[in-house]
Amino acid sequence: MRLEFPPGFMWGTATAAHQVEGNNRSSDWWAWEHHPKTPVAEPSGDAIDQLNRYEDDIALLAGLGIPVYRFSTEWARIEPTEGEFDQSALDHYRRVTETVSEAGMTPMVTLNHFTLPVWLGARGGWLSPDAPELLARYCSRVVEELGDLVDWYCTINEPGVVAFGGYVGAIGFPPGTTTMTEWDQAIEGLRRGLALSREAVKQSRPEAKVGATHAMIEYESNDAGRPIMEFFRSQMEDRFFAVSGDDDFIGVQTYTRQTIAPPSWTAPIVKALAGNGALRKHALPRLIRNQANLGGEQKKGVRTTDMGYEYRPEAIAATVRRAAEVFPGKDIIVTEHGIATTNDEERVEFMRDGLAALHAVIADGVPLRGYTHWSAFDNFEWALGYRMQFGLIGVDRETQERTPKPSAEFLGRVAQENAVEV
Ligand code: BGC
């Protein structure tokens, strides 16, 4: 069967500066990777050297027929010293953006994808009270520089993951604080950052479409698990949704489903935990750190990806439906969806099943406008290093040779036909 997508549907792929460029030495992540006690599997090093190879990479994507390239500008390169903007870095991103446009593609620019300048990281990152204003100042500078070359801006990528990963000690992100207080404080900083960065973009370029990109999970729970599920949804999604009402679009990024189904005898304990301040403060972060299942631990009887996530391509449709319920009528873009696997046939299957499920969502009237797959290239998967392969294009990191996988051709075909065969 052939599933047609609406005219003008935006098909693309995504990357983030730190994961592909290489040598992002002025960033908090670089410092974190080189800390003697780092939880990061290996340093990012040269990454896939996209800093120098962007022309070839963009030509490759254009040749595959994939029209949107979502990439990020790197705050740490643009403002390596507080208050001093590096014009050569700004020029670089202008050239990258021009190259995308000249290839006949559409640039979608993420202004902040996880990394911070090291000077801000040293002050506690999102715990620093001036972080939101500093982000907004940097955003204004970038948007003024890129001018009319860019119509699509993403502000902060996955604020929920930034707070969860870096401030409650869950998945090995900097700055590595571990308490509930810091988690909440980082969430508040990010919420202000979202609002101020949107305003900064709008002020410099009112015509551009701007939105945050939210990490969402398809949750399932039993009665005992419901308070846990609600707690996570609130910390990871809803608190950020609450400041996204004025965004032009909602970016949705989903990789899996999470089932929270503790045995029923735990229900009173969970309830007590949820209500009790001291327990919540001390026990919850520990529980979270023990439960974060990353890096390939296999769940019994469940098909999993190399990340250890449940294999669940359709999860993206469930989360897009949820976003549409929270924001009726607002445009939604799937800004990330992908799978870590060394079996590229599995990636094609994952995309096909995910797209079929999204097609049904559109048929139900949800204004879903685009899909950018994570990721264009195999790249640096944060604390897990280079082991995870999310790319449509493989990269030999010795020679930096690029090899498109069948999944890249699959997405190119889907984009050109604006339809998927299922
Ligand atoms: C992030 C990416 C990351 C991907 C796969 C998202 O959380 O935005 O930077 O590589 O998921 O884990």
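A brief structural summary. None of these values were measured; they are calculated from a predicted model. (Residues numbered from 1 in each chain as written. Predicted model: local features only at pLDDT ≥ 70, side-chain atom pairs only at ≥ 80, totals over all residues. Heavy atoms only, no water.)

### Here we look at the overall build of the chain
Helix and strand counts for the chain come out as 15 helices and 14 strands. Computed over its C-alpha atoms, the radius of gyration of the chain comes to 20 Å, within 12% of the 22 Å expected for a compact globule of 422 residues. Along the three orthogonal principal directions, the C-alpha set of the chain runs to about 60 × 55 × 45 Å. When each of the 422 residues of the chain is scored for burial, the buried share is 59%. Look at the contacts in the chain between residues 6 or more apart in sequence, and 78% of them connect residues 24 or more apart. (Helix = DSSP H or I, 4+ residues; strand = E, 2+ residues; numbered from the N terminus. Rg over C-alpha atoms; globule rule 2.2 N^0.38 Å. Buried < 20%, exposed > 50% of the residue type's maximum accessible area, 1.4 Å probe, protein only. Contact = heavy atoms within 4.5 Å.)

### Some points on unusual backbone geometry
Across the junction of Pro-174 and Pro-175, the peptide omega takes the value 5°, indicating a cis bond. Within the fold, Pro-175 resides in the loop between helix H8 (159–167) and helix H9 (180–204). Of note, the bond from Trp-374 into Ser-375 is cis; its omega dihedral lies within 30 degrees of zero at 10°. Mapped onto the secondary structure, Ser-375 falls in the loop between strand E11 (368–374) and strand E12 (393–396). Despite not being glycine, Ala-47 has its phi angle at roughly 45°, a positive value. Within the secondary structure layout, Ala-47 lies in the loop between helix H2 (28–33) and helix H3 (50–64). Phi at Asn-418 is positive, roughly 55°, even though this residue is not glycine.

### Considerations on the sheet that holds E11
Judged by pairing direction, the barrel is parallel, and its eight strands sit side by side in the order E2-E3-E4-E5-E6-E8-E10-E11 before closing back on the first. Across the sheet, the mean angle from the axis of one strand to that of its neighbour is 25°, orientation sign disregarded. Pairing geometry for strand E4 (residues 106–112) and strand E5 (residues 152–157), over four bridges, is parallel. Directly across from Val-109, in E5, lies its bridge partner Tyr-153. Set on the sheet, helix H14 (residues 344–363) makes contact with strand E2 (10–14), strand E10 (331–336) and E11; between it and E11 the angle comes to about 165°. (Pairing = 2+ DSSP bridges. Axes fitted to C-alpha atoms, helices over the stretch in contact; angles between N-to-C directions.)

### As for the packing of aromatic side chains
Counted according to the given criterion, the structure contains 23 aromatic pairs. Ring centres 6.4 Å apart and planes at 85° place the aromatic pair Phe-164 and Phe-232 in the edge-to-face group. Note that Phe-164 is positioned in helix H8 and Phe-232 in helix H10 (residues 226–241), a separation of 68 residues in sequence. The buried category is assigned to Phe-164, whose relative accessible area is 12%. (Phe/Tyr/Trp six-rings, centres within 6.5 Å; stacked < 30°, edge-to-face > 60°.)

### As for the site of the ligand
As a structural note, the neighbourhood of the ligand is formed by 13 residues, with Gln-19, His-113, Asn-157, Glu-158 and Glu-381 the closest of them. The side chain of Trp-382 places a nitrogen or oxygen atom 2.9 Å from an oxygen atom of the ligand. Its free accessible area being 310 Å², the ligand has 94% of it covered by the protein chains. A class-by-class count of the residues in the shell around the ligand yields six nonpolar, four polar and three charged. (Near = heavy atom within 4 Å. Polar contact = N/O pair within 3.5 Å; in protein donor to acceptor, adjacent residues only side chain to side chain. Areas by Shrake-Rupley, 256 points an atom, 1.4 Å probe, with all protein chains shown as cover. Nonpolar A, V, L, I, M, F, W, Y, C, P; charged D, E, K, R; others polar.)

### Digging into the layout of surface pockets
Taken as a whole, the second largest pocket encloses approximately 200 Å³ of empty space. In this structure, the second largest pocket is lined by 18 residues; those nearest its centre are Asp-28, Trp-29, Gly-121, Pro-174 and Pro-175. Every element with two or more residues in the lining of the second largest pocket is listed here: H2, helix H6 (118–121) and H8. When the residues that make up the lining of the second largest pocket are grouped by side-chain class, the tally is 13 nonpolar, four polar and one charged. (1 Å grid on protein atoms, 1.4 Å probe; cavity = no way out; pocket = protein on both sides within 12 Å on 5 of 7 lines; lining within 4 Å. Points joined across faces, edges and corners; volume = space filled by probe spheres on them.)

### Examining helix H15 (residues 406–417)
Under the 1.5 Å per step criterion, the end-to-end length of H15 is 17 Å for twelve residues, consistent within 8% with the ideal 16 Å. The complete set of buried residues in H15 reads Ser-407, Ala-408, Phe-410, Leu-411, Gly-412, Val-414 and Ala-415. Downstream of H15 by a residue or two, Asn-418 has a phi angle that is positive, lying close to 55°. (Expected span 1.5 Å × (residues − 1).)

### Focus on the nonpolar core
Core analysis: the largest hydrophobic core is formed by 113 residues, its most contacted members being Trp-126, Tyr-153, Trp-183 and Val-320. Once residues within four sequence positions are removed from consideration, Tyr-153 is found in contact with Val-109, Leu-111, Val-143, Leu-146, Val-201, Ala-208, Lys-209, Val-210, Gly-211 and Phe-249. One finds Ala-16, Tyr-255, Ala-340 and Met-388 within the second-largest nonpolar core, a separate group that totals nine residues. (Core = buried A, V, L, I, M, F, W, Y, C linked by side-chain atoms within 4.5 Å.)

### Here's the deal with the packing of helix H5 (residues 87–102) against helix H7 (residues 131–146)
Interaxial distance between H5 and H7 falls to 10 Å at its minimum, and their mutual angle equals 50°. Our classification of the angle between H5 and H7 gives oblique. Both H5 and H7 take part in a crossing whose hand is right-handed. Where H5 approaches H7, its residues Gln-87, Leu-90, Asp-91, Tyr-93, Arg-94 and Thr-97 are matched on the opposing element by Arg-141, Val-142, Glu-145 and Leu-146. Each residue belonging to the contact of H5 with H7 can be placed in one class, and the counts come to four nonpolar, two polar and four charged. (Parallel < 35°, antiparallel > 145°, perpendicular 65-115°, else oblique. Left-handed = near helix turned anticlockwise from the far one by under 90°.)

### Some words on the environment of Glu-145
Mapped onto the fold, Glu-145 is located in helix H7. You can call Glu-145 buried: its relative accessible area is 19%. C-alpha of Glu-145 to C-alpha of Arg-94: the two residues are 51 residues apart in sequence and 7.1 Å apart in space. Apart from the residues lying within four places of it in its own chain, the contact partners of Glu-145 are Gln-87, Leu-90, Asp-91 and Arg-94.

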